[in-house]
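Okay, here's what each chain looks like letter by letter:
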Amino acid sequence: VYMTSNNKRRPRHERVAEAQRPPFRLNDRDALILKFINDCRALTTQQVEMLFFKSAKPAYGRLHKLYHHEYVERLFITQVVTAPAASRVVYTIAPLGAAVLAQTYGYSPEDIHPASRQVRSWEKLQHLLAINDVRLALTRAVWDTPDMSIRDWRDEFVFRSAPRYVTVKTAR
């Protein structure tokens, strides 16, 4: 449980004042988490857990700190069948996280993908998260397999920005 110095829970939907933030030091895994959040455009807590952690508690704790220290933004997927407190959290890159990506991986402004209208649209977000499930499962499998790597991943946004259509001629 994340508590502030006056023994109250930190708010879920807003950042706490700088003096109340949990202790934090950015590490190499954090930079890689930021890279995947940016490159996938949005990730849920469960997706980050699957890729980088062995259980939920450390994943929640690390994402909590990345959020309160302004490296990531949070969006909430409210589900009608559950209470608002049970809403799934979706993380996107924040400006400070983008600065880490520029410094660590040489990202240019064109490589940074903050939350867009598409990510904020419920239907499109569900589609994006489903694609990310496939991408992350493939990434995890490749990481666990010696002598394999993913050289390049081109997401749907790349294909839509420069469509190349194939025409199939039938025998009619």
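What you see is a predicted model; the values in this text were computed from it and never measured.

**Q** Please explain the sheet that holds strand β3 (residues 88-93) as it appears in this structure.
**A** Picture the strands of a sheet paired through backbone hydrogen bonds; they go either parallel or antiparallel. Spatially, the 3 strands line up as an open sheet ordered β1-β3-β2, and their pairing is antiparallel. The open sheet is flanked by β1 (43-44) and β2 (72-77), the only strands paired with a single partner. Where β1 and β3 come together, 2 bridges link them in antiparallel fashion. Across the sheet, the residue bridging to T44 is V90, located in β3.

**Q** Just to check I follow, could you spell out the packing of aromatic side chains for this structure?
**A** Aromatic ring pairs are described here by two measures, namely the spacing of the ring centres and the angle between the planes. Using the criterion set out here, one finds 5 aromatic pairs in the structure. Judged by centre distance (5.7 Å) and plane angle (75°), the rings of F36 and F52 are edge-to-face. Residue F36 is found in helix α1 (residues 28-40), and its partner F52 is found in helix α2 (residues 45-52); the two are separated by 16 residues along the sequence. One exposure class covers both F36 and F52, and it is buried. Members of the aromatic cluster, connected to one another through ring pairs, are F36, F52 and W143. Taking NZ or CZ as reference, K35 lies 5.7 Å from the ring centre of Y105, over its face.

**Q** What exactly am I supposed to notice about the side chain of T45 here?
**A** Within the fold, T45 resides in helix α2. Leaving out residues up to four positions away in the same chain, T45 has contacts with Y60, L63, V89 and Y91.

**Q** Looking at this model, I keep getting lost on the nonpolar core. Mind explaining?
**A** Note on soluble globular proteins: their nonpolar side chains tend to be buried together. Core analysis: the biggest nonpolar cluster contains 26 residues, and I33, L34, I37 and V48 have the highest contact counts within it. Sort the elements by how many residues they give to this core and α1 lands first, with 6 residues. Counting 8 residues, the second-largest nonpolar core is a separate cluster that includes L75, V90, V119 and L128.

**Q** So what exactly am I meant to see when it comes to unusual backbone geometry here?
**A** Most peptide bonds adopt trans geometry, and most residues besides glycine take a negative phi value. Positive phi is not limited to glycine here, since R41 has a value of about 75°. Using a relative accessible area of 15% as the deciding quantity, one classes R41 as buried. Although it is not a glycine, E70 sits at a positive phi angle of roughly 70°. Examined against the element boundaries, E70 turns out to sit in the loop between α3 (56-68) and β2. Among the residues examined, E70 registers a relative accessible area of 35% and is labelled partly exposed.

Reading the values: rules and limits
Residues numbered from 1 in each chain as written. Predicted model: local features only at pLDDT ≥ 70, side-chain atom pairs only at ≥ 80, totals over all residues. Heavy atoms only, no water. Pairing = 2+ DSSP bridges. Helix = DSSP H or I, 4+ residues; strand = E, 2+ residues; numbered from the N terminus. Phe/Tyr/Trp six-rings, centres within 6.5 Å; stacked < 30°, edge-to-face > 60°. Buried < 20%, exposed > 50% of the residue type's maximum accessible area, 1.4 Å probe, protein only. Lys NZ or Arg CZ within 6 Å of the ring centre and 35° of its normal. Contact = heavy atoms within 4.5 Å. Core = buried A, V, L, I, M, F, W, Y, C linked by side-chain atoms within 4.5 Å.

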